[in-house]
Amino acid sequence: MFAFGYVNILEMAAVHHRGILGRPAVAGETGVSGAGEDSGRMSFLGRIEDATGVVAAFPGGLAEGTNLRTPCGPRRVEFIRPGDMIVTRTGGLQPVRLVWRRVVRAEDMAIVPGLAPVRLKPRVLGPMMPRQDVLLAPDQEVLIPGWRILDWPDGQTVRVSARDIAGLSDGAYVDCAPDAFVCYQIVFDCPQVITANGLPVVSLCPTAAVLATLGPAERESLLRRFPQLGRDPGAYPPAEFPAASGIEFIGPLG
């Protein structure tokens, strides 16, 4: 553990000295990132921003600026690269396999209001959930403890879309104010629960139904990374927790 941290500290110092940390994206860094080696070490490249997936290229997503937990501390989602290690709540340290990016413009949201992101204010779902504002795609799944949900077993955690939480309190609402909503989706070897600004959210689970709706670039990168999905669209491991919709929360949200 000590050696791992020591190596990364040296890497950070060297990268900072060379002026690479936070540089603009270079040629080849696109809205679909997944061609890099799975080094298991943290990358120090600029954000993914040269190319962007179409509005409906993939489901879910975390807004640019959202912090994820890494072995080196918090890191904004736009600086995550394939091979980077993320601290997950279900599988410990897990390497990122793919990173996708898309932009929903204000004019897109005006035409289709359902594209607008959901904003959750601090502690709206419980202590430190989230620690600070978090902006999510409306179909991004959030993990909710069963004791917060009516007629649900206390010990059974459940996946709930952000859109099902919006409007339940002043601290959870559809945010139509952004000029553009830039969001990122992360793919692991199997669905993982990660913390986004302290809020537990579920990574993409490319089921057969999801695979059929992906944009061309996202679908191509997914099949290149997981070729077994081309033979069997249901081969990706299922999500660990059940999903629910139309739920009713017990007690007021924060």
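Check the entry above for the structure.
What you see is a predicted model; the values in this text were computed from it and never measured.

Asks: Help me understand the overall build of the protein, please; the structure alone is not making it clear to me.
Replies: Helix and strand content of the protein: five helices and 15 strands. Nonlocal contacts in the protein, meaning residues at least 24 apart in sequence, comprise 66% of its contacts between residues at least 6 apart. Working note: accessible area of the protein is about 11900 Å², and carbon and sulfur atoms make up 57% of it.

Asks: Sorry, what's going on with unusual backbone geometry here?
Replies: Leaving glycine out, the prevailing phi sign among residues is negative, and the prevailing peptide bond configuration is trans. The phi dihedral of Arg123 falls on the positive side, at around 65°, and the residue is not glycine. Within the secondary structure, Arg123 sits in the loop between strand 8 (118–120) and strand 9 (134–136). Within the chain, Asn197 stands out as a residue other than glycine whose phi angle is a positive 55°. Tracing the chain through its elements places Asn197 in the loop between strand 14 (193–196) and strand 15 (199–202). Judged by its relative accessible area of 7%, Asn197 is buried.

Asks: How do you make sense of the nonpolar core when you look at a structure like this?
Replies: The biggest cluster of nonpolar side chains holds 35 residues, and the ones touching the most others in it are Leu68, Leu120, Leu125, Ile144, Ile165 and Leu199. At the level of elements, strand 7 (98–105), strand 8, strand 9, strand 10 (141–144), strand 11 (158–161), strand 13 (180–187), strand 14 and strand 15 are the ones that each hand at least two residues to this core. Grouped together as the second largest cluster of nonpolar side chains are 22 residues, Ala63, Leu211, Leu214 and Leu229 included.

Asks: Whenever I open this one, the layout of surface pockets confuses me. Can you help?
Replies: Approximately 210 Å³ is the volume attributed to the second largest pocket. Lining the second largest pocket are 15 residues, and of these Pro59, Asp139, Glu141, Leu204 and Cys205 lie nearest its centre. Counted by class, the lining of the second largest pocket contains six nonpolar, six polar and three charged residues.

Asks: In this structure, what is going on with helix 4 (residues 216–225)? I would like to understand it.
Replies: Three or more residues of helix 4 are buried, namely Glu218, Ser221 and Leu222. Projected down its long axis, helix 4 carries its buried residues within an arc of 100°, all on one side. Counted as exposed and oriented over 90 degrees from the buried face of helix 4: Pro216, Glu220 and Arg224.

Asks: Sorry if this is basic, but what is going on with empty space enclosed by the protein here?
Replies: If a probe as big as a water molecule is rolled over the atoms, it shows which places are left empty. On inspection of all chains with the given rule, the structure shows one cavity of 30 Å³ or more. The space that makes up the largest cavity amounts to roughly 50 Å³. Forming the walls of the largest cavity are Leu62, Gln140, Tyr184, Gln185, Ile186, Ile194, Val201, Val202 and Ser203. Sorting the residues of the lining of the largest cavity by element identifies strand 13 and strand 15 as the ones contributing at least two each. For the lining of the largest cavity, the element with the highest residue contribution is strand 13, accounting for three residues. Across the lining of the largest cavity, the residue classes tally to six nonpolar, three polar and no charged.

Asks: Please explain the packing of aromatic side chains as it appears in this structure.
Replies: Describing an aromatic ring pair means giving the distance of the ring centres and the angle of the ring planes. Here the structure, examined in full by the defined rule, presents two aromatic pairs. Between Phe58 and Trp100, the aromatic rings sit 5.8 Å apart at their centres with planes inclined by 45°, giving tilted as the arrangement. Of this pair, Phe58 sits in the loop between strand 1 (32–33) and strand 2 (62–63) while Trp100 is found in strand 7, placing the two residues 42 residues apart along the sequence. Residue classification places Trp100 among the buried residues on the basis of a relative accessible area of 0%. Ring geometry for Phe226 against Tyr236: centres 5.6 Å apart, planes inclined by 85°, an arrangement best described as edge-to-face. Placement of the pair is Phe226 in the loop between helix 4 and helix 5 (228–231) and Tyr236 in the segment after helix 5, with a sequence separation of ten residues. Owing to a relative accessible area of 7%, Tyr236 belongs among the buried residues under this scheme. A cation over a ring is seen here: Arg102 above Phe58, with NZ or CZ 4.7 Å from the ring centre.

Asks: Whenever I open this one, the pairing of strand 11 confuses me. Can you help?
Replies: In the case of a regular strand, side chains alternate between the two sheet surfaces. Neither face of strand 11 is left uncovered, since the one carrying Val158 and Val160 and the one carrying Arg159 and Ser161 both have all their residues buried. Pairing between strand 10 and strand 11: four bridges, direction antiparallel. What sits directly across from Ile144, in strand 11, is Val158.

Rules used throughout
Residues numbered from 1 in each chain as written. Predicted model: local features only at pLDDT ≥ 70, side-chain atom pairs only at ≥ 80, totals over all residues. Heavy atoms only, no water. Helix = DSSP H or I, 4+ residues; strand = E, 2+ residues; numbered from the N terminus. Contact = heavy atoms within 4.5 Å. Areas by Shrake-Rupley, 256 points an atom, 1.4 Å probe, with all protein chains shown as cover. Buried < 20%, exposed > 50% of the residue type's maximum accessible area, 1.4 Å probe, protein only. Core = buried A, V, L, I, M, F, W, Y, C linked by side-chain atoms within 4.5 Å. 1 Å grid on protein atoms, 1.4 Å probe; cavity = no way out; pocket = protein on both sides within 12 Å on 5 of 7 lines; lining within 4 Å. Points joined across faces, edges and corners; volume = space filled by probe spheres on them. Nonpolar A, V, L, I, M, F, W, Y, C, P; charged D, E, K, R; others polar. Arc of directions from axis to C-beta. Phe/Tyr/Trp six-rings, centres within 6.5 Å; stacked < 30°, edge-to-face > 60°. Lys NZ or Arg CZ within 6 Å of the ring centre and 35° of its normal. Pairing = 2+ DSSP bridges.

The values are spatial; any link to function lies outside them.
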